[in-house]
Amino acid sequence: MANEVNDLFLLIESKRNDFTSVEQVIADYFIAKRKILSISNLAKEIVVSAPSITRFCKKLGLNNYKELIFLYSLSLRDQTVDASMISTPVTASYHALATRSDASYRSQAVTNFCDLIHSTQIILFWGLGFNSFAGQDFTFKFSRFGKFIQVYSDQHSILLSAASAGKDNLILISSLSAKDSNILKAIQLGKENGAQFLLITANEDSPFIDYCEETIYAASFSPDEAFGSVSPQVPILIQLDIIYSKYVNLHKNSVDKWLLSENILKN
């Protein structure tokens with residue numbers, strides 16, 4: 001076993017993007033902190049083959065299933081001692097999403113996001129369904145810094161905003177799947193009009209990406225998480241918090257001026 005490995009949960013999430021669909025099922029079993037089984041009983045329990053479990057161990061850099069169980073036992077013991085760690089399947093899912101978000105972090109991409117936001121006064125936020133809630137969060141954060149932000153949350157209004165967008169507009173698209181054909185048409189129209197685009201998505205093969213100045217990849221849901229135990233906007237909100245934190249750090253002088261003005265108005 002590799003000497004640096006001491007937490008199976010972090011190890012699993014660090015490799016999550018490399019797993020096959022079968023390996024995702026195996027990973028979810030351990031992330032949920034379920035009971036320890038023999039390899040044959042585990043295979044029956046989650047309906048996969050024993051060789052698939054062995055391949056899963058190899059992908060984690062472990063020699064065999066025995067090593068995985070040893071590390072799993074240690075990780076469970078460590079988290080039992082510290083009650084502040086994951087204690088339920090729901091909090092385990094949040095922990096997993098946060099870890100996957102950290103694994104996909106690209107500093108330069110976030111910097112590019114922040115620089116474009118800083119240089120643009122009028123920002124349009126496109127987000128269907130639950131993404132509109134993320135848009136409200138973005139508005140709350142960045143309107144304090146002198147940005148005029150408008151959230152569009154249905155296909156008709158998005159298309160209309162694309163038709164009127166111009167070179168002075170920055171459009172931020174929030175979509176985990178990022179494959180809606182109507183939104184793609186709106187992006188193409190906005191691009192023809194000179195607008196710039198930013199994208200937050202979990203889909204690395206999205207057709208939107210080619211039209212965007214920069215893309216940030218949010219964590220995707222595992223099969224269990226997709227059933228609704230975690231609010232669907234959480235992966236997007238994590239990325240918006242990362243962007244906000246980076247923005248405040250990069251443009252501190254500008255942020256301080258706006259916050260000072262806000263305090264003066266309040267008093």
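Bear in mind the structure is a predicted one, so any value in this text is a computation, not a measurement. (Residues numbered from 1 in each chain as written. Predicted model: local features only at pLDDT ≥ 70, side-chain atom pairs only at ≥ 80, totals over all residues. Heavy atoms only, no water.)

Student: Could you clarify how one ought to interpret unusual backbone geometry in this entry?
Tutor: Residues other than glycine predominantly adopt negative phi, and peptide bonds predominantly adopt the trans conformation. Its identity as a non-glycine residue notwithstanding, K33 has a phi of 60°, on the positive side. Here K33 is to be found in the loop between α2 (21-31) and α3 (39-46). The class for K33 is partly exposed, based on a relative accessible area of 24%. If you check the backbone angles, A178 has positive phi at about 50° while not being a glycine. Mapped onto the elements of the fold, A178 is located in the loop between β3 (169-174) and α10 (181-192). (Helix = DSSP H or I, 4+ residues; strand = E, 2+ residues; numbered from the N terminus. Buried < 20%, exposed > 50% of the residue type's maximum accessible area, 1.4 Å probe, protein only.)

Student: Would you mind showing me how to read the confidence of the model for the protein here?
Tutor: Should the pLDDT be low somewhere, the predicted coordinates at that spot are not to be read in detail. Overall, the prediction assigns the protein a mean pLDDT of 86, with 87% of residues at 70 or greater. Ignoring residues within four places in sequence, the model shows residues 1-5, a span with pLDDT below 50, making seven contacts including any to other chains. (pLDDT = per-residue confidence, 0-100. Contact = heavy atoms within 4.5 Å.)

Student: When you look at the packing of aromatic side chains in this model, what are you seeing that I'm missing?
Tutor: One pair of aromatic rings is described through two measures. These are the centre distance and the angle between the planes. Taken as a whole and judged by the stated rule, the model has twelve aromatic pairs. With a centroid separation of 6.2 Å and 75° between ring planes, the pair formed by F9 and Y72 is classed as edge-to-face. Here F9 is found in helix α1 (residues 8-14), whereas its partner Y72 is found in helix α5 (residues 65-81), with 63 residues between them in sequence. Comparing F9 with Y72, the two get one shared label, buried. (Phe/Tyr/Trp six-rings, centres within 6.5 Å; stacked < 30°, edge-to-face > 60°.)

Student: Please explain the pattern of salt bridges as it appears in this structure.
Tutor: Two side chains of opposite charge can pair, provided their charged atoms sit close to one another. Using the criterion set out here, one finds ten salt bridges in the structure. With a shortest N-O distance of 2.9 Å, D28 and R16 are connected by a salt bridge. One end of the pair, D28, is in helix α2; the other, R16, is in the loop between α1 and α2, and twelve residues separate them in sequence. Using a relative accessible area of 9% as the deciding quantity, one classes D28 as buried. Given a relative accessible area of 4%, R16 falls into the buried group. Ionic pairing is found between K141 and D241, a salt bridge with its closest N-O pair at 2.9 Å. Remark: D241 occurs in helix α11 (residues 234-250) and K141 occurs in helix α8 (residues 131-142); sequence separation between them is 100 residues. Owing to a relative accessible area of 11%, K141 belongs among the buried residues under this scheme. Residue classification places D241 among the partly exposed residues on the basis of a relative accessible area of 40%. Among the ionic contacts, a cluster of salt bridges with common partners joins E13, R16, D28 and R100. (Salt bridge = Lys/Arg side-chain N within 4 Å of Asp/Glu carboxyl O.)

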